[in-house]
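# Survey of secondary and tertiary structure
Here is what each chain is made of, one letter per residue.
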2 protein chains.
Amino acid sequence: MLPFSNLIQIDRESSEVVYRQIYRQFIQLIKDGVLQAGTKLPSTRELAKSLKVNRMTLMLALDELESQDWVESKARKGIFISSSLPMNRAVALGESEREKSKTTGFQIPEQIYFRQHQPQPYLRKLDEGLPDVRLAPLKELGQNYKQILGSASHQKLLSYGSALGDDLLREELVKFLNDSRGLHTSYEQLAIVRGSQMALRMLSEMLIRTGDKIAVGESNYIGADATFLRAGADLVRIPVDQDGVVVEKLADICQKEKIRGIYLTPHHHHPTTVTLSAERRIQLLSIAEQYGLFILEDDYDYDFHYSRSPYLPLASIDQQGHVIYIGSFTKMLAPNFRVGFISAPSDLVKLIEQERILSDRQGDFVLERSIAHLLRDGVIHQHLRKVLKVYQNRRDTMSELLNDKLSSVVEFEIPKGGMAIWGEFDQEIDLAKVSDILLKKHALLIPDFKQYNTFNLLNSQGIRFGFASQKEEEMNEIIGIMSNHFEV
Amino acid sequence: MLPFSNLIQIDRESSEVVYRQIYRQFIQLIKDGVLQAGTKLPSTRELAKSLKVNRMTLMLALDELESQDWVESKARKGIFISSSLPMNRAVALGESEREKSKTTGFQIPEQIYFRQHQPQPYLRKLDEGLPDVRLAPLKELGQNYKQILGSASHQKLLSYGSALGDDLLREELVKFLNDSRGLHTSYEQLAIVRGSQMALRMLSEMLIRTGDKIAVGESNYIGADATFLRAGADLVRIPVDQDGVVVEKLADICQKEKIRGIYLTPHHHHPTTVTLSAERRIQLLSIAEQYGLFILEDDYDYDFHYSRSPYLPLASIDQQGHVIYIGSFTKMLAPNFRVGFISAPSDLVKLIEQERILSDRQGDFVLERSIAHLLRDGVIHQHLRKVLKVYQNRRDTMSELLNDKLSSVVEFEIPKGGMAIWGEFDQEIDLAKVSDILLKKHALLIPDFKQYNTFNLLNSQGIRFGFASQKEEEMNEIIGIMSNHFEV
């Protein structure tokens, strides 16, 4: 008998279970040629004794080896090292191979990614305009989710279903969107998606081909820029002023070159929060009709307006099927609940269904049904009424703070709605340096201001001072730290 | 009792199944105000009699109405028109607006979609191998979800976070995958995604450029085919025999042309359920190394093996970073819970993070954390032990049924694992016709068998007889209907 007690070392302290240690070392012995094809093993009783392990443990290891064809047992003859061995296999994972596990053995094509700001766990943050998840109707959502999971009549929600989303949510959303923002959408024109980002991505993959020109604001939401670039678009930059994207410039451009479509956030331009004027809205629709453009209207914060009724979305006055309208519950509830929607002509929605099947097959119907219930029961409406008041107060608090503490360096206007104030810093201030210094105090995160100036096209530099997620004392603290820096 | 036989007209010639006709007309009656909120319906027996339909058909319609909240059933009281009606639903759009809403005013580029079978609500279904959601640990999942939502310490899960998934789930999965299938993966090598389909799509977008050649089985999982085609791939078909994909053929092809990678389901080839032999596994890895291929290993049903320990995945013996390993909880829990994973070299995982940010930003961290808890607490393991026994019995039951009732037309082998039996029909049988006839009996859905013979490359035609989701009486019914057909 081979000296198995030397060949196979059991480490009782190891987190690896014993049978697996035996299994692994057996393979090694075979690979190293110590155990050759056809070699007969000792009886399990002898072997177990020699290794000082329970016979069951050994059997488990041998079983595993047999199932992987490393050994074969022959009736009434014993266990043999397999004669059809997968021999030319390499040596165990040593340090150098571990290194290899970090890199692919095949070539990865060049990827067009435009790195975006990644959230990190800082104690205090200035975000770019997020909801306060502490106010969200989490209890109601959790109750619905649990109840639906437990209900036999909802069991069909647990299997495969429509890639356009839960039926009831689509119906409830049709009502909600038509009531709250004057859309004329219908069940067939509505697709549920996992938030605006998924809508942007799916539509980009469907509507943009390499080299297509997409018009966007000179400053623009970085997530949209990144997504269009990923789809192979050439971005055509349009200036943005106090009345939003300068639509006249788009008309000029369209006369000279083929533009596929335009992306914008007319309710509050991201990042500068300005609203697209009524005149420009009409003009934009007429340009779209003339040149066959799509208008991708990202209405990320429609539900948050404080001073007066907002303009209705472009989608509500589009009669020729040019506007694709997207929005989400991210701002209404919390970023984690990635439920959003696309309202578009139904021929496009039919294709969206196919695209979604390939993207991730379908949404979470239990979550979607839960949100449908919150809509049906008026919980969402009630929640919106509540947070509107809170956020309006917070906007005012943030404005006062900026006036009190940062007015020497920051210029801003009070936005009529939304969740952030756009503050512009003087050109001479090196925001990169400010950001670094503050980060080193590891108590503050400035949203990466550079992202609003992607191609250094802007003559100004700004930060979105998100106010909705912050209680007064939290804002005080953050703005205090910033103002201390500027006093130095 | 209202004159339901006049109110609801069944058209037996219609292509619309009867229960759906009932369902649709019920909604119309409610919308028209004929049936008012709170109205009690007659008993199902009476109503079925009055409509001259099978009681089961009526139940199906009522079930659907209930799940859409049009009606509510109260224990021991009966079924009522729902008191919280979505009433002001539909002041219908005029015909002209409807027409406009159907078409875009801009040009949609040609889309490469490969239409897949869409599930529809039939009373009895033969699926292609789905889990029985009735057995899933829904209660535990619901409890966890609700509890996490209600817990202040989990609040950070509600905002933006890592696009690679919840930390705890990644940690738990590393343990689970390394323990259960001998992987050597780590936190940095693991990305959480929304199921295998999302993994396929993201990897396709990243690794495939138009015209790239991707090797797949002659028969292959249609979701993969469709996804690669969408990404612009040319599919190169490799024969499949009793030992899985014929790897020797791949070697021949690689000598002649540049192949980017291969997709396969080595544990059980989809659809034919055969297992890739040990010898071919070694050979495949060596080809990948020689020609710089990626191997996309879709291990969709590793956890379901009945006869003996399965081969460990290719990923467990890959030392040079060629294998990208994907799997999901779809089969372990239910299709609705779209949580899956990619284990790959960490340089690729870093790019996956970027790709995910653009796809849909991130997963549902509350769901992911809930599943992490189920893993941590052993609930998943316990669940797997339970269903393994149930599914093994169901496999045996299905085999017996096929032997008893369909042996004259179907050939099959009992699979060692998985959730479906691959049954091959004689060439002379026109499965399209069979499928149509059975569908008209509106009680049976054959999974679209054509999907397994995408390019008419196969010399045989088969159906996956999914057994895992079916109780014995349910299988009896379905196979009974099929065998009746063949006796005629």
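Residue numbers run consecutively from 1 along every chain, following the written order of its sequence. As they are written, the chains are lettered A onward and the ligands numbered 1 onward, keeping that order. For this predicted model, a pLDDT threshold of at least 70 governs which residues receive local features, and a threshold of 80 or more governs which side-chain atom pairs are given and counted, while totals over whole chains, interfaces and linings are taken from all residues. Note that the side-chain values use all heavy atoms of the structure and ignore hydrogens as well as water.

## Observations regarding the overall build of chain A
- Counting from the N terminus, the helices are the DSSP runs of H or I reaching at least four residues and the strands are the DSSP runs of E reaching at least two. Counting secondary structure elements, chain A contains 16 helices and 16 strands.
- For the exposure calls, accessible area comes from a 1.4 Å probe over protein chains only, and a residue counts as buried if that area is under 20% of its type's maximum, exposed if over 50%, partly exposed in between. When burial is assessed residue by residue, chain A has 61% of its 488 residues classed as buried.
- What makes two residues a contact is simply this: any of their non-hydrogen atoms within 4.5 Å. Within chain A, residue pairs in contact and separated by at least 24 positions form 71% of the contacts whose partners lie at least 6 positions apart.

## What to know about the sheet that holds strand 3 (residues 190-193) of chain B
All names here are of chain B.
- When DSSP locates at least two bridges between a pair of strands, those strands are taken to pair. Ordered in space as 3-11-10-9-8-4-5, the seven strands form an open sheet in which the pairing is mixed. In the strand order of this sheet, the two ends are held by strand 3 and strand 5 (234-238), each with one partner. Between one strand axis and the next, the sheet turns by 20° as a mean value, whatever way the strands run.
- Bridge count between strand 10 (residues 323-328) and strand 11 (residues 340-343): four bridges; the pairing is antiparallel. Looking at strand 11, one finds that Tyr-325 is bridged to Ser-343.
- Only the stretch in contact is used when fitting a helix axis, every axis being a line fitted to C-alpha atoms; angles between N-to-C directions are given from 0 to 180 degrees. Relative to the sheet, helix 7 (residues 167-181) contacts strand 3, strand 10 and strand 11, its axis offset from that of strand 3 by approximately 110°.
- Across the sheet, helix 8 (residues 195-207) lies against strand 3, strand 8 (261-264), strand 9 (294-298), strand 10 and strand 11, angled at about 150° from strand 10, the strand it touches most.

## Focus: a negative patch on the surface
All names here are of chain A.
- Patch membership needs two things, relative accessible area over 30% and no salt bridge, and members are linked within 9 Å if like-charged or within 5 Å if nonpolar (Val, Leu, Ile, Met, Phe, Trp, Tyr). Computed with a 1.4 Å probe, the accessible areas rest on the Shrake-Rupley method; for each residue, only the protein chains presented here act as cover. A side-chain nitrogen of Lys or Arg and a carboxyl oxygen of Asp or Glu constitute a salt bridge if their distance falls within 4 Å. A residue counts as positive if it is Lys or Arg and as negative if it is Asp or Glu; His and the chain ends are not included. Every charge is mapped to an atom, namely NZ of Lys, CZ of Arg, CG of Asp or CD of Glu. On the surface, Glu-400, Asp-404, Glu-472 and Glu-473 cluster together into a negatively charged patch.
- If you list the elements that add at least two residues to the negative patch, you get helix 14 (379-406) and helix 16 (472-487).
- Mapped onto the secondary structure, Glu-400 falls in helix 14.

## A short note on helix 13 (residues 365-376) of chain A
All names here are of chain A.
- In this model helix 13 runs 16 Å from its N-terminal to its C-terminal C-alpha over 12 residues, within 8% of the 16 Å that 1.5 Å per residue would give.
- With 11 of 12 residues buried, helix 13 is to be regarded as a mostly interior element.
- Where helix 13 is concerned, the buried positions are Phe-365, Val-366, Leu-367, Glu-368, Arg-369, Ser-370, Ile-371, Ala-372, His-373, Leu-374 and Leu-375.
- Once helix 13 finishes, Gly-378 follows within two positions and takes phi at roughly 80°, a positive value. In this scheme, a helix's expected span is set at 1.5 Å multiplied by one less than its residue total.

## Focus on the packing of helix 3 (residues 44-51) of chain B against helix 4 (residues 55-67) of chain B
All names here are of chain B.
- Taken N-terminus to C-terminus, the directions of helix 3 and helix 4 make an angle of 110°; their axes are 9 Å apart at the nearest point. Accordingly, the angle class assigned to the pair helix 3 and helix 4 is roughly perpendicular. Counted together, Thr-44, Arg-45, Leu-47, Ala-48 and Leu-51 of helix 3 and Arg-55, Leu-58, Met-59 and Leu-62 of helix 4 form the full contact between these two elements.
- Each residue is assigned to one class: nonpolar for Ala, Val, Leu, Ile, Met, Phe, Trp, Tyr, Cys and Pro, charged for Asp, Glu, Lys and Arg, and polar for all the others, Gly among them. Split by residue class, the contact of helix 3 with helix 4 holds six nonpolar, one polar and two charged. An angle below 35 degrees is read as roughly parallel, one above 145 as roughly antiparallel, one from 65 to 115 as roughly perpendicular, and any other as oblique.

## Some thoughts on the interface of chain A and chain B
- Counting residues at the interface gives 108 residues for chain A and 104 residues for chain B.
- Summed over both partners, the accessible area (1.4 Å probe) lost when two parts come together is defined as the buried area. With both sides pooled, the region where chain A packs onto chain B buries about 9,700 Å², and carbon together with sulfur makes up 52% of that total.
- Viewed at the interface, chain B and chain A are joined by seven salt bridges.
- Residues Glu-64 of chain B and Lys-156 of chain A are paired through a salt bridge, measuring 4.0 Å at the closest nitrogen-oxygen approach.
- N or O atoms within 3.5 Å of each other form a polar contact, as long as, within protein, one can give a hydrogen and the other can take it, and as long as residues adjacent in sequence are counted only when both atoms are side-chain atoms. Where chain A meets chain B, there are 30 residue pairs in polar contact (both at pLDDT 80 or more).
- It is helix 12 (residues 346-360) of chain A that provides the largest number of residues to the side of chain A that touches chain B, a total of 12 residues.
- Class assignment for the residues of the side of chain A that touches chain B results in 38 nonpolar, 35 polar and 35 charged.

## A few points about the sheet that holds strand 13 (residues 410-412) of chain A
All names here are of chain A.
- Ordered in space as 13-14-16, the three strands form an open sheet in which the pairing is antiparallel. At either end of the open sheet lies a strand with only one pairing partner, and these are strand 13 and strand 16 (461-466). Across the sheet, the mean angle separating the axes of adjacent strands is 35° when strand polarity is ignored.
- Both strand 14 (residues 420-425) and strand 16 contribute to a ladder of six bridges, which runs antiparallel. Across the sheet, the residue bridging to Ile-421 is Phe-465, located in strand 16.

## Considering the packing of aromatic side chains
- Pairs were defined over the aromatic rings of Phe, Tyr and Trp, the Trp ring being its six-membered one, requiring ring centres within 6.5 Å. Orientation was assigned from the angle between planes: stacked under 30 degrees, edge-to-face over 60, tilted for the rest. Within the structure shown, the criterion is met by 15 aromatic pairs over all chains.
- Here Phe-4 of chain A and Phe-26 of chain A contribute two aromatic rings whose centre-to-centre distance is 5.9 Å and whose plane-to-plane angle is 35°, an arrangement assigned as tilted. Highlighted residues: Phe-4 of chain A in helix 1 (residues 4-7) and Phe-26 of chain A in helix 2 (residues 18-31), separated in sequence by 22 residues.
- The buried category is assigned to Phe-4 of chain A, whose relative accessible area is 2%.
- A connected cluster of aromatic rings, assembled from ring pairs, spans Tyr-325, Phe-329 and Phe-341 of chain A.
- Working rule: Lys NZ or Arg CZ, within 6 Å of ring centre, within 35 degrees of ring normal, means a charge sits over the ring. The cationic tip of Lys-74 of chain B hangs over the ring face of Phe-80 of chain B; the distance from NZ or CZ to the ring centre is 4.6 Å.

## Some remarks on the pattern of salt bridges
- All told, the structure shown has 37 salt bridges over all chains when counted by the stated rule.
- Across the pair Arg-201 of chain A and Glu-355 of chain B runs a salt bridge, and its minimum N-O distance is 2.7 Å. Within this pair, whereas Arg-201 of chain A is found in helix 8 (residues 195-207), its partner Glu-355 of chain B is found in helix 12 (residues 346-360), the two belonging to separate chains. This pair shows no difference in class: Arg-201 of chain A is buried, exactly as Glu-355 of chain B is.

## Some thoughts on the side chain of Ser-469 of chain A
- Relative to the helices and strands, Ser-469 of chain A is located in the loop between strand 16 and helix 16.
- Relative accessible area serves as the criterion here: at 14%, Ser-469 of chain A is assigned to the buried category.

## Quick word on a positive patch on the surface
- Taken together, the side chains of Lys-139 and Lys-146 of chain A together with Lys-139 and Lys-146 of chain B present a region of like positive charge at the surface.
- Taken together, the elements giving at least two residues each to the positive patch come down to helix 6 (138-150) of chain A together with helix 6 (138-150) of chain B.
- By secondary structure assignment, the location of Lys-146 of chain B is in helix 6.

## Looking at the pairing of strand 5 of chain B
All names here are of chain B.
- Across the five residues of strand 5, four count as buried, placing the element largely inside the fold.
- Both strand 4 (residues 213-217) and strand 5 contribute to a ladder of five bridges, which runs parallel. Paired with Ala-215 across the bridge in strand 5 is Val-236.
- Whether a crossover is right-handed comes down to one check: with the strands pointing away from the viewer, does the path from the first strand over the helix to the second run clockwise; if it does, it is right-handed. Traced from strand 4 through helix 9 (residues 222-230) to strand 5, the parallel crossover comes out right-handed.

## A word on helix 8 of chain A
- Spanning 13 residues, helix 8 of chain A covers 18 Å between terminal C-alpha atoms, matching the ideal 18 Å at 1.5 Å per step.
- Helix 8 of chain A sits mainly inside the fold: 13 of its 13 residues count as buried.

## Details of the environment of Gly-418 of chain B
- One can find Gly-418 of chain B in the loop between strand 12 (410-412) and strand 13 (420-425).
- Sequence separation between Gly-418 of chain B and Thr-273 of chain B is 145 residues; the distance between their C-alpha atoms is 7.6 Å.

## Comments concerning the confidence of the model for chain A
Residues and elements named next belong to chain A.
- Summarising the model, chain A shows a mean pLDDT of 87, and 89% of its residues fall at 70 or more.
- Taken together, the stretch residues 87-98 has pLDDT below 50 and engages in 19 contacts with residues farther than four places along the chain or on a different chain.
- Under the prediction, the complex receives an ipTM of 0.81, its pTM being 0.81. Confidence of the predictor at the level of single residues is captured by pLDDT, which takes values from 0 to 100.

## Concerning unusual backbone geometry
All names here are of chain A.
- The omega angle of the peptide bond from His-270 to Pro-271 is 10°, so this bond is cis rather than trans.
- Within the secondary structure, Pro-271 sits in the loop between strand 9 (261-264) and helix 11 (278-291).
- Its identity is not glycine, yet Lys-52 carries a phi of approximately 55°, on the positive side.
- Assignment of secondary structure puts Lys-52 in the loop between helix 3 (44-51) and helix 4 (55-67).
- Under the relative-accessibility criterion, Lys-52 is labelled exposed at 68%.
- At Thr-273, a position not held by glycine, the phi torsion is positive, near 70°.

## Describing the environment of Ser-483 of chain A
All names here are of chain A.
- Along the chain, Ser-483 falls in helix 16.
- The exposure class assigned to Ser-483 is buried, which follows from its relative accessible area of 5%.
- Along the sequence, Ser-483 and Val-17 sit 466 residues apart, while their C-alpha atoms lie 57 Å from each other.
- Not counting chain neighbours up to four residues away, the residues in contact with Ser-483 comprise Lys-405 and Leu-406.

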